[in-house]
Amino acid sequence: MNKIKKKQIYIPIITAVISLVFLLGINYNFMGTKDKSYVEFLNDMSKKKVSTVYFTDTPKIKVKLSDGKIYETDNPRIDNFKETLLKQGVEVSETSPSDAPSIIFMASFMISIISLMIALIRSSNITSKGMLSVDSLDASAIENAPFTFNDVAGNEEAKESVMDIVDFLKNPEKYSSYGARMPRGIILYGDPGTGKTLLAKAVAGEANVPFYAMSGSDFVQVYVGVGASRIRQLFKKAKGHGKAVIFIDEIDAIGKKRDNSKTGGSDERDQTLNALLTEMSGFNEKEGIIIMAATNRLDMLDEALLRPGRFDRHIEVSLPDLTAREKILNLHLKNKPIKDMNIKEWAQKTAYFSGAKLENLVNEAAILACKEESKFIENYHMDKAFSIVVAGYEKQNRDYIKEKDRKITAFHEVGHALVSLKMLPNEKVSKVTIIPSTKGAGGYTLSIPEDSLYQNKDYLKKRIMVLLGGRAAEELIFGADYITTGAHNDLKQCTNIAFHMITQYGMGETIGLLNMQELMNLNINKDNIINECKELVDNLYEETKQLLKSEEESLNALTEKLLQKETLHYEDLEMLGTVHETLA
Ligand code: ADP
Ligand code: MG
Ligand code: ZN
């Protein structure tokens, strides 16, 4: 391949050089020609020494003598000059003597230059085509990706969510015989380093199918159309192999929400995105191709990507909690020589570490041990590595701040959970965590609402109380001066519910059964409405505080447990709830 390409370039170079040499040679020949006066020319004429006269319209004419010498002389510009010459038996040529060969060489020079340029453009095209081709883009399949679910520690929920995908990849026929439609696309979202890529590889590994990976940023190119063509090649390649997992990392690079300010760059992105959507709808269920994508921010993605039939399954891959961190540390320390290491303790110390950061920590410790030629990786290696990994922060200080933040978050979340358990016992609180996620910056409490068509006034008031539970717990434990910004979102939702109750649902006094929207055009006094909302929420807040005060024992116990475990599940809560009930 390469040799042919090189020949294509060398041939025109050689011909160009040759013709250039000749061209210069001819010109040199003529540069050597001397001018002679017209009288001398006439003299040569009378001596019959002239063989040819090159007769053009220029001020000079060229004269070739019978001995081959050439010189120039002035063009007399007389009438019948040609006839006079011809009569004396002199040949007359109406082109310059250098013209014929120099035109030939000039032409051959031009041709070689042009073909050289074509060859260069082509060869650069070949290389850019090479870049276009998926091969050189690191999307070569990792056949039988050597990863399995065993390489992914923690992340149990995410693993569970992709289990059926593995099964589908193994027997797509089974699913299609039931007419079941598998999600074509799956989006893994979560903080960097939480193991999204790892999980995608594990899916391919478990199903024993090739894994094709590319990053969204590979598709975003300066040249319009390159991204789209890369997408097509990626799919073509994957389809050529039958079953496969196609993984697109950083999908936000191409699938970001379209903004109204259209620039050239976003045109390119649109093309790429459209190519992706077209390709995704372009194969049928039986083929056993699954497209997985990863992003740090699900809310940044264009809705077009998230529609059914596209990336319609969204799986959160969250930061590991205590148990998960222990598992991850164990996994990465598994085949390393360790001594006297308390992995449990390290799991505790590494709150908010991602899987990648934990892996990094273990690796740094191993490097330190290796540098010292120590036989084992010991606790003090981990200590040093820890400082390296969290470098940039004053360690103690940071731990102190963290510990305090953790405590605030824990009380806040338990506040929500407890109020929910007490006020809305039919709503299952499935998870309370202080591990931040896209669901909440500090932590979050997840409850499964009761299924019902209508929500009554009593329920809405209780929902407000649950939302206020976080703030109420903070105030109760830390004092009114130490409440935090953590309740920002809760308060927003509270306001929303209260406002709707009073202005839309006819549950208030100020406008009674009237609907605020219908009254919008009338210039009614809104102060009264705001006051009523405030009074409603204020009263509910007092009630919430009272409730938590009477449950302070549970509040403390649950918080203690949450700080310890970082995540509490339904079972943990239920247990504590009943324990309290029997106490009461
Ligand atoms: P992401 O794609 O979410 O940014 P990666 O999958 O690239 O994260 O993770 C980077 C590395 O961190 C992995 O190769 C692995 O060594 C480690 N890691 C991350 N999460 C886990 C996990 N849950 N279990 C084991 N290792 C993990
Ligand atoms: Mg990644
Ligand atoms: Zn809250």
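Residues numbered from 1 in each chain as written. Chains lettered and ligands numbered in written order. Predicted model: local features only at pLDDT ≥ 70, side-chain atom pairs only at ≥ 80, totals over all residues. Heavy atoms only, no water.

Further remarks concern the coordination of the zinc ion (ligand 3). The coordination sphere of the zinc ion (ligand 3) contains the protein donors His412 (NE2), His416 (NE2) and Asp490 (OD), at a distance range of 2.0 to 2.1 Å. Each donor residue of the zinc ion (ligand 3) belongs to the same chain, with the gaps between them written as H-x3-H-x73-D. With a gap of 78 residues between them, His412 in helix H17 (residues 395-423) and Asp490 in helix H19 (residues 488-503) connect regions that are remote in the sequence. The class of Asp490 is buried, set by a relative accessible area of 11%. (Donors = N, O, S within 2.8 Å, 3.2 Å for Na, K, Ca; no water. Helix = DSSP H or I, 4+ residues; strand = E, 2+ residues; numbered from the N terminus. Buried < 20%, exposed > 50% of the residue type's maximum accessible area, 1.4 Å probe, protein only.)

Here helix H22 (residues 552-565) contains 14 residues, and its C-alpha end-to-end distance of 20 Å stays within 8% of the 20 Å for a straight helix at 1.5 Å per residue. Turning to H22, its buried residues number three or more, namely Ser554, Leu555, Leu558, Thr559, Leu562 and Leu563. The buried residues of H22 occupy an angular sector of 160° when the element is viewed end-on, so they sit on one face. H22 presents Glu553, Glu560 and Gln564 as exposed residues on the side facing more than 90 degrees away from its buried surface. (Expected span 1.5 Å × (residues − 1). Arc of directions from axis to C-beta.)

Further remarks concern the site of ligand 1. Ligand 1 sits among 17 residues. The nearest are Ala153, Gly193, Lys196, Thr197 and His332. Within the backbone of Ala153, one N or O atom sits 2.8 Å away from a nitrogen atom of ligand 1. Separating an oxygen atom of ligand 1 from a backbone N or O atom of Ala356 is a distance of 3.4 Å. Burial of ligand 1 by the surrounding chains reaches 79%, relative to a free accessible area of 550 Å². Of all the elements in the fold, those that place two or more residues in the shell around ligand 1 are helix H7 (196-207), helix H13 (322-333) and helix H15 (355-371). By residue class, the composition of the shell around ligand 1 is 7 nonpolar, 7 polar and 3 charged. (Near = heavy atom within 4 Å. Polar contact = N/O pair within 3.5 Å; in protein donor to acceptor, adjacent residues only side chain to side chain. Areas by Shrake-Rupley, 256 points an atom, 1.4 Å probe, with all protein chains shown as cover. Nonpolar A, V, L, I, M, F, W, Y, C, P; charged D, E, K, R; others polar.)

What follows covers the pattern of salt bridges. The full count for this structure, using the stated rule, is 22 salt bridges. With a closest N to O distance of 3.0 Å, Asp167 and Lys174 form a salt bridge. The exposure class of Asp167 is partly exposed, given its relative accessible area of 25%. Overall, the relative accessible area of 37% leaves Lys174 in the partly exposed class. (Salt bridge = Lys/Arg side-chain N within 4 Å of Asp/Glu carboxyl O.)

Our next topic: the side chain of Glu566. Inspection of the secondary structure puts Glu566 in the loop between H22 and strand S12 (567-569). For Glu566, a relative accessible area of 2% puts it in the buried group. Among residues more than four places away in sequence, those in contact with Glu566 are Pro320, Asp321, Leu322, Arg325, Ala351, Arg406, Val432, Thr433, Ile434, Ile435 and Lys561. (Contact = heavy atoms within 4.5 Å.)

Now for unusual backbone geometry. A positive phi angle, near 50°, is found at Glu250, a position not held by glycine. Following the sequence through the fold, Glu250 ends up in the loop between strand S7 (244-249) and helix H10 (252-255). Exposure remark for Glu250: the relative accessible area of 38% places this residue in the partly exposed category. With a phi angle near 50°, Asp340 is a residue other than glycine that sits in the positive phi range. Checked against the element boundaries, Asp340 lands in the loop between H13 and helix H14 (343-349). By relative accessible area, Asp340 is classed as exposed at 61%.

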